[in-house]
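This is what each chain is made of:
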Amino acid sequence: MKAIVQDAYGSADVLELRDIDRPVPADDEVLVQVHAAGVGPDVWHLMTGLPYAVRLFAGLRKPRNPVRGQDAAGRVEAVGAKVTRFKPGDEVFGVCEGSFAEYARAKADKLAPKPRNLSFEQAAALPISGITAFQVLRDKGRPQPGRQVLIIGASGGIGTLAVQLAAGYDAKVTGVCGPGKADLIRSLGATDVIDYTSEDITGGARRYDVILDIAGNRPLSVLRRALAPHGTLVLVGGENGDRWLGGLDRSLRALLLSPFLRQTLRGHFSRERHQDLLVLKDLAESGELTPVVDRTYPLGEAAAAMRHLEDGHPQGKIVVSVTDGS
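Let me begin by describing the structure that accompanies this report.

Cut-off values and rules
Residues numbered from 1 in each chain as written. Predicted model: local features only at pLDDT ≥ 70, side-chain atom pairs only at ≥ 80, totals over all residues. Heavy atoms only, no water. Salt bridge = Lys/Arg side-chain N within 4 Å of Asp/Glu carboxyl O. Helix = DSSP H or I, 4+ residues; strand = E, 2+ residues; numbered from the N terminus. Buried < 20%, exposed > 50% of the residue type's maximum accessible area, 1.4 Å probe, protein only. Phe/Tyr/Trp six-rings, centres within 6.5 Å; stacked < 30°, edge-to-face > 60°. Lys NZ or Arg CZ within 6 Å of the ring centre and 35° of its normal. Axes fitted to C-alpha atoms, helices over the stretch in contact; angles between N-to-C directions. Parallel < 35°, antiparallel > 145°, perpendicular 65-115°, else oblique. Left-handed = near helix turned anticlockwise from the far one by under 90°. Contact = heavy atoms within 4.5 Å. Pairing = 2+ DSSP bridges.

## A few points about the pattern of salt bridges
Pairs can form between side chains of opposite charge whenever their charged atoms are close.
And step 1. Inspection of the entire model under this criterion finds 22 salt bridges.
And step 2. A salt bridge links K317 to D71, with the shortest nitrogen-to-oxygen separation between them at 3.0 Å. With K317 in strand β15 (residues 317-321) and D71 in strand β4 (residues 71-79), the pair connects residues that are 246 residues apart, well separated along the chain.
And step 3. What makes K317 buried here is its relative accessible area of 4%.
And step 4. If you follow the salt bridges from partner to partner, you end up with R138, D139, R273 and D276 in one network.

Put into structure tokens, the structure is as follows:
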């Protein structure tokens, strides 16, 4: 089968399209014929091995699994002996091990039936970003009707979903994004938009009950100035930290500082759960949640997709199209 593999950590230049053996699913796994795969910061971290803390579980000197990609949507090709939830031919979406490939293995509890109203490309944009946005709001932010919610990074893969979910709580959502993206953010349910190139989030009198900082790099002191006295700040990722801990550094400092404040400061680390994928499926099928796909690249251009992730400030999620879904 064809797959995007890498032999060493590095930039997108290390990614190569090769023919490799088809994976064999274990007893509790599913073999998925991948039709589309999502491209996000999770892939970038595993590609570059940055921050270095990533290598503790991904491989110290080189990637333990050389095939990139985690988000996937496709059809079940085969199931392990202990899998009863799926059968060959089922359309699924979720988290696989190496989804930039024609076939990928996945734990059965990290998959769910694909939303019927979504294309494979849309469904591939949903798993990790959707789980992250959903868990952040349900478990950490907990917005209430009428409360002020600020989402920094509102135009990205997680942010576009978080805006829709927060609006679904009847919160008053303000999205922070770059130039030219305000119409998109408003169309997703935001009542206000801040262009970070021309406006400071602390510039007005408004203070927010919940702030979600998605892959941001603002100091905690700045974020706290925009936060209500008893508000909640949730840090999701962070792409500009040091090479050892990356965004973990801010999350650790927030954890240590929070007990001494009236404000609540939290970091977030997602866990892929079957039950949460089912919630996302239901939200998508009801029309309450629609993944935003920025651009789709063929499998052979996965390196270009990664460069666009780094340089293009995508609106929504980038997707790699692997196999024709017809």
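## Side note on the packing of aromatic side chains
And step 1. Per the stated rule, a full pass over the model turns up zero aromatic pairs.
And step 2. One cation-aromatic arrangement involves R22 over Y103; the distance from NZ or CZ to the ring centre is 3.9 Å.
And step 3. Above the plane of the ring of F120 lies K114, whose end atom (NZ or CZ) is 5.1 Å from the centre.

## A closer look at the packing of helix α4 (residues 127-141) against helix α5 (residues 157-168)
And step 1. Relative to each other, α4 and α5 sit at 45 degrees, their axes nearing to 8 Å. One way to sum up the angle between α4 and α5 is to call them oblique. As α4 runs across α5, the sense of the crossing is right-handed. Here S129, G130, T132, A133, F134 and L137 of α4 lie close against α5, whose contacting residues are G157, I158, L161, A162, L165 and A166.

## Re the sheet that holds strand β8 (residues 148-152)
And step 1. Spatial strand order, β10-β9-β8-β11-β12-β13: six strands in an open sheet with parallel pairing. With one partner strand each, in any of the chains shown, β10 (192-195) and β13 (264-268) form the two edges of the open sheet. Neighbour to neighbour, the strand axes of the sheet diverge by 15 degrees on average, direction disregarded.
And step 2. Docked against the sheet, α5 engages β8, β9 (172-177), β11 (208-214) and β12 (227-236), running at close to 170 degrees with respect to β8.

## Things to note about the side chain of S129
And step 1. Tracing the backbone shows S129 in helix α4.
And step 2. Once residues within four sequence positions are removed from consideration, S129 is found in contact with G157, I158, L161 and K317.

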